[in-house]
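Structural description and commentary
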Amino acid sequence: MALYYRDDAVQVTAEAVHAGGHVVRLADITYVWHTRGATTLAVRGRVLGRGVLVLLLSLPPLVALVCVLSLAWAAQDRGNWKLALTILAAFVVAGLAVTPFLELPLGWLDRSYERGNRVHELWVQHHGREVMLLRTPDALRFGQIYRAVQRAVEQQSEHR
């Protein structure tokens, strides 16, 4: 028996789909589709968190740019370029020292985009009824499950 997908809550085999408390035999499925469900509080929180993270990652470089420009403007008026270049070098060294620590927040940002920004629902037509098998805000997981169900149904229809 071929296994197309399995995790803690969903299993797609060559015989059936086990998801959301339903066990649906592939032979009884006539149509598979997906829709966007209503947005949940968790998804809204993820999108808001992503925006805050982008803001926090964007502000320090913008503040540094404003500081460098004002420093250059002040140095031009006073003719004190040596102090300005020393401060600019300190900014560059501090920026390079902080760069490795950006791995963690950038990883969070990457994972938030992988998980998506909406709720996905997987539906099948089973014995003439429409049955929702899965509802998840995790876009990556949903895509894997949806494609597994499609492959399983395609294989089932080829063997009929």
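Just above, that's the structure.
The structure reproduced in this document is the subject of the present report.

1. Some words on the layout of surface pockets
What the largest pocket holds in volume is close to 280 Å³. Lining the largest pocket are Leu56, Leu57, Pro60, Pro61, Ala64, Phe91, Val92, Ala94, Gly95, Val98, Thr99 and Leu102. Elements represented by at least two residues in the lining of the largest pocket include exactly helix H1 (41–78) and helix H2 (81–98). Counted by class, the lining of the largest pocket contains 10 nonpolar, two polar and no charged residues.

2. Brief notes about the side chain of Glu121
Locating Glu121 in the fold gives a position in strand E6 (residues 119–126). A relative accessible area of 11% means that Glu121 is categorised as buried. Within the structure, Glu121 has its side chain in polar contact with the side chain of Trp123 (distance 3.1 Å). Setting aside its immediate chain neighbours within four residues, Glu121 contacts Trp33, His34, Thr35, Gly37, Met132, Leu134, Arg135 and Phe142.

3. Notes on the sheet that holds strand E5 (residues 29–37)
Taken together, the three strands give an open sheet; going across it, the order is E5-E6-E7, and neighbouring strands pair in antiparallel fashion. Each edge of the open sheet is held by one strand with a lone partner, namely E5 and strand E7 (129–136). Looking at each pair of strands side by side, their axes are set apart by 25° on average, direction ignored. Where E6 lies against E7, seven bridges are found, and the strand directions are antiparallel.

4. So, the sheet that holds strand E2 (residues 11–13)
Spatial ordering of the open sheet is given by E1-E2-E3-E4, a layout of four strands whose pairing is antiparallel. Only two strands of the sheet have a single partner each, and these edge strands are strand E1 (3–6) and strand E4 (22–25). For this sheet, the mean inter-axis angle between neighbouring strands, taken without regard to orientation, is 5°. Both strand E3 (residues 16–19) and E4 contribute to a ladder of four bridges, which runs antiparallel. Of the residues in E4, the one forming a bridge with Ala19 is His22. Helix H4 (residues 139–158) rests against E1, E2 and E3 of the sheet, and its axis sits at about 155° to E1.

5. Considering the environment of Glu114
If you trace the backbone, Glu114 turns up in helix H3 (residues 103–115). Distance from Glu114 to Leu140, taken between C-alpha atoms, is 5.9 Å for residues 26 residues apart in sequence. Not counting residues within four places of it along the chain, the set of residues in contact with Glu114 comprises Asp138, Ala139 and Leu140.

Cut-off values and rules
Residues numbered from 1 in each chain as written. Predicted model: local features only at pLDDT ≥ 70, side-chain atom pairs only at ≥ 80, totals over all residues. Heavy atoms only, no water. 1 Å grid on protein atoms, 1.4 Å probe; cavity = no way out; pocket = protein on both sides within 12 Å on 5 of 7 lines; lining within 4 Å. Points joined across faces, edges and corners; volume = space filled by probe spheres on them. Helix = DSSP H or I, 4+ residues; strand = E, 2+ residues; numbered from the N terminus. Nonpolar A, V, L, I, M, F, W, Y, C, P; charged D, E, K, R; others polar. Buried < 20%, exposed > 50% of the residue type's maximum accessible area, 1.4 Å probe, protein only. Polar contact = N/O pair within 3.5 Å; in protein donor to acceptor, adjacent residues only side chain to side chain. Contact = heavy atoms within 4.5 Å. Pairing = 2+ DSSP bridges. Axes fitted to C-alpha atoms, helices over the stretch in contact; angles between N-to-C directions.

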